[in-house]
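# Per-entry structural report
Listed below are the residues making up each chain.
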Amino acid sequence: MRMSNADHAICIDLLAKADATLEKLEKLENLEGPGVFHAPINFMAALGLLVALRSVFREWEAACSNYDTRVSNVILESFLNRDIIYEANLLFKSQARRGAEPNLRTLV
């Protein structure tokens, strides 16, 4: 079966995103703290891996002692980009309950 030009373009785009994200991960490989979760969450969000994204985010939320708004913003943006408004709203409210201060990116 032959791929259409549109399918081919989508594959090329996904591979480019994966490559760019892997480069970021390599740079962040030795981080501790929020970067440990921030890197894989960015990677999964860029590739649209929502099931894995939710799983790693839940793990991060359970383990974090200081709520890092930057991590939850990645999830929030991923939900909004995919029109998953209900979950985005729940996450935004959860941030407030946890005492996280929204930053400019959260509000934009």
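See the structure printed just above.
Everything quoted here is computed from the prediction, not taken from an experiment.

## Here we look at the pattern of salt bridges
Following the criterion strictly, the structure yields two salt bridges and no others. A salt bridge links Glu87 to Arg54; the nearest nitrogen and oxygen atoms lie 2.8 Å apart. Here Glu87, found in helix H5 (residues 85-97), pairs with Arg54, found in helix H3 (residues 50-63); they are 33 residues apart in sequence, far enough to count as distant.

## Section: the nonpolar core
Membership of the largest hydrophobic core comes to 20 residues, with the highest contact counts inside it found for Ile41 and Phe57. Where this core is concerned, the elements lending two or more residues are helix H2 (34-47), H3, helix H4 (69-81) and H5.

## Points about the packing of H4 against H5
Any two packed helices are characterised by the angle at which their axes cross and by the distance between the axes. The N-to-C vectors of H4 and H5 enclose an angle of 160°; their axes lie 8 Å apart at closest approach. Overall, the two elements H4 and H5 adopt an arrangement that is roughly antiparallel. Taken as a pair, H4 and H5 cross one another with a handedness that is left-handed. For the pair formed by H4 and H5, the contact residues are Thr69, Ser72, Asn73, Ile75, Leu76, Phe79 and Leu80 on the first element and Ile85, Glu87, Ala88, Leu91, Phe92 and Gln95 on the second. A per-class count over the contact of H4 with H5 returns eight nonpolar, four polar and one charged.

## Examining the packing of H3 against H4
Closest axis-to-axis distance for the H3/H4 pair is 11 Å, and the angle between their directions is 155°. The angle between H3 and H4 places the two elements in the roughly antiparallel class. Here H3 runs over H4; the crossing is left-handed. The segment H3 lies against H4, with Leu50, Leu53, Arg54, Phe57 and Trp60 engaging Val71, Ser72, Ile75, Ser78 and Phe79. Across the contact of H3 with H4, the residue classes tally to seven nonpolar, two polar and one charged.

So, how was this worked out
Residues numbered from 1 in each chain as written. Predicted model: local features only at pLDDT ≥ 70, side-chain atom pairs only at ≥ 80, totals over all residues. Heavy atoms only, no water. Salt bridge = Lys/Arg side-chain N within 4 Å of Asp/Glu carboxyl O. Helix = DSSP H or I, 4+ residues; strand = E, 2+ residues; numbered from the N terminus. Core = buried A, V, L, I, M, F, W, Y, C linked by side-chain atoms within 4.5 Å. Buried < 20%, exposed > 50% of the residue type's maximum accessible area, 1.4 Å probe, protein only. Axes fitted to C-alpha atoms, helices over the stretch in contact; angles between N-to-C directions. Parallel < 35°, antiparallel > 145°, perpendicular 65-115°, else oblique. Left-handed = near helix turned anticlockwise from the far one by under 90°. Contact = heavy atoms within 4.5 Å. Nonpolar A, V, L, I, M, F, W, Y, C, P; charged D, E, K, R; others polar.

It is worth stressing that arrangement in space is one thing and function is another; only the former is reported here.
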